[in-house]
Amino acid sequence: MTALAAVAAAVATILLAAGTFETDRIHFSGLHRVSYDEAYEAAGIRPGDFMGTLDTGGAERSLESLPWVADARVRRRWPATVDVDVVERAPAAVALAAPSSWVLLDIEGRILTSPLTVVPELPRLSGIAAAPEPGAFLASDANALLAALSAAQGQPEFEVAALWRDRRGDLRARVRQQPGDLVLEVALGDESAIGAKTAAIAAVIGEMTASDAILDVSVPHLPVLRPSG
């Protein structure tokens with residue numbers, strides 16, 4: 001131990017013994033889906049803890065292990081307050097954990113919930129490995145579906161109702177014209193050029209008036225309509 005470290009340790013010991021700079025208040029912000037009790041338990045900081053030896057990094061990592069937490073920052077506010085700022089994840093889709101059992105996930109594929117009793121109106125991902133436990137991520141076979149969903153979020157001309165892999169492993173989608181009620185099935189083909197394929201959907205769907213065909217954008221610069229079935 002260096003002389004400076006020894007002095008710091010001695011000062012910390014004196015302050016601790018004197019009851020000085022003990023944590024008096026723990027302030028949480030950004031909690032919506034995560035309850036105060038969950039965040040308090042995960043942070044592991046308690047009134048009376050010595051401010052100088054708080055493991056703020058460990059508290060942040062523990063908070064970020066909660067399924068809904070994307071980012072956490074734990075800061076000392078001397079003399080006796082700890083500020084915990086939490087950024088929560090946004091639900092983006094649902095995926096199957098088991099037949100007819102849907103769970104909520106974010107755009108990175110992190111599972112946010114246990115199976116839902118009421119399934120929200122969000123894009124449904126299927127044809128991929130079953131969703132794991134809350135806090136884990138979808139398997140890699142979902143990466144292309146998540147990329148397509150992310151790319152579609154930047155296209156105001158349509159919204160995604162469902163994304164799946166067919167029996168050959170190719171990507172398919174069901175999209176809804178915006179504004180409008182037209183629902184259209186789309187064949188996206190393989191995992192390449194996802195951004196160009198979603199742009200092709202946006203370029204074509206506004207001109208369509210019927211949905212009795214499949215829009216094939218597997219070659220994005222040559223979108224074609226082909227019979228369904």
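To be clear, the structure that these remarks concern was listed above.
The numbers attached to residues start from 1 for each chain and follow its sequence in the written order. It should be noted that, the model being predicted, local features are given only for residues of pLDDT at least 70 and side-chain atom pairs only at 80 or more, the latter also being counted only at that level, while totals for whole chains, interfaces and linings use all residues. Only hydrogens and water are removed before side-chain values are computed, so all heavy atoms of the structure are retained for them.

Looking at the pairing of strand E10 (residues 213–216)
And step 1. Burial along E10 is two-sided: Ala213 and Leu215 facing one way and Ile214 and Asp216 facing the other are all buried.
And step 2. Here strand E9 (residues 183–189) runs beside E10; their pairing, made up of three bridges, is parallel. Each residue of the ladder has a partner; that of alanine 187, found in E10, is aspartate 216.
And step 3. This β-α-β element, E9 to helix H5 (residues 194–205) to E10, shows left-handed connectivity.
And step 4. Note on pairing: DSSP must find at least two bridges between two strands before they are called paired. Comment: elements are numbered from the N terminus, with helices defined as DSSP H or I runs of at least four residues and strands as E runs of at least two. Bridge count between E10 and strand E11 (residues 224–227): four bridges; the pairing is antiparallel. The residue bridging isoleucine 214 from the neighbouring strand is arginine 226, located in E11. Using a 1.4 Å probe on the protein chains alone, a residue whose accessible area is under 20% of its type maximum counts as buried, one over 50% counts as exposed, and one in between counts as partly exposed. A clockwise course of the path from the first strand over the helix to the second, judged with the strands pointing away from the viewer, identifies a crossover as right-handed.

Notes on the sheet that holds strand E3 (residues 81–88)
And step 1. Taken together, three strands build an open sheet; the order of strands is E1-E3-E2 and the sheet is mixed. Because the sheet does not close on itself, it has two edges, and the strands there are strand E1 (25–29) and strand E2 (69–77). Between one strand axis and the next, the sheet turns by 15 degrees as a mean value, whatever way the strands run.
And step 2. Bridge count for E2 against E3 is eight bridges, and the pairing is antiparallel. Each residue of the ladder has a partner; that of arginine 73, found in E3, is aspartate 85.
And step 3. Along the sheet, helix H3 (residues 56–64) makes contact with E2 and E3, crossing E2 at roughly 155 degrees. Every angle, taken between N-to-C directions, lies between 0 and 180 degrees, and every axis is a line fitted to C-alpha atoms, over only the stretch in contact when it is a helix. By definition in these notes, contact holds between two residues if any of their heavy atoms fall within 4.5 Å.

Thoughts on the environment of leucine 138
And step 1. Structurally, leucine 138 can be placed in the loop between strand E6 (124–126) and helix H4 (143–152).
And step 2. Through-space distance from the C-alpha of leucine 138 to that of arginine 110 is 6.4 Å; in sequence the pair is 28 residues apart.
And step 3. Beyond its immediate chain neighbours, meaning those up to four positions away, leucine 138 contacts Ala95, Leu105, Gly109, Ile111, Leu125, Ile128, Ala131 and Pro132.

A few points about the sheet that holds strand E8 (residues 171–177)
And step 1. The mixed open sheet is built from eight strands, whose spatial order is E5-E4-E6-E7-E8-E9-E10-E11. Two strands lie at the open edges of the sheet, namely strand E5 (101–105) and E11, each paired on one side alone. The mean angle between the axes of side-by-side strands here comes to 30 degrees, regardless of whether they run parallel or antiparallel.
And step 2. Sheet topology places E8 next to E9; six bridges connect them, and they run antiparallel. When the sheet's bridge partners are listed, leucine 171 is paired in E9 with glycine 189.
And step 3. Across the face of the sheet, H4 comes into contact with strand E4 (93–98), E5, E6, strand E7 (158–165) and E8 while running at roughly 175 degrees to E7.
And step 4. Against the sheet, H5 makes contact with E7, E8, E9 and E10, and its axis sits at roughly 35 degrees relative to E8, the strand it touches most.

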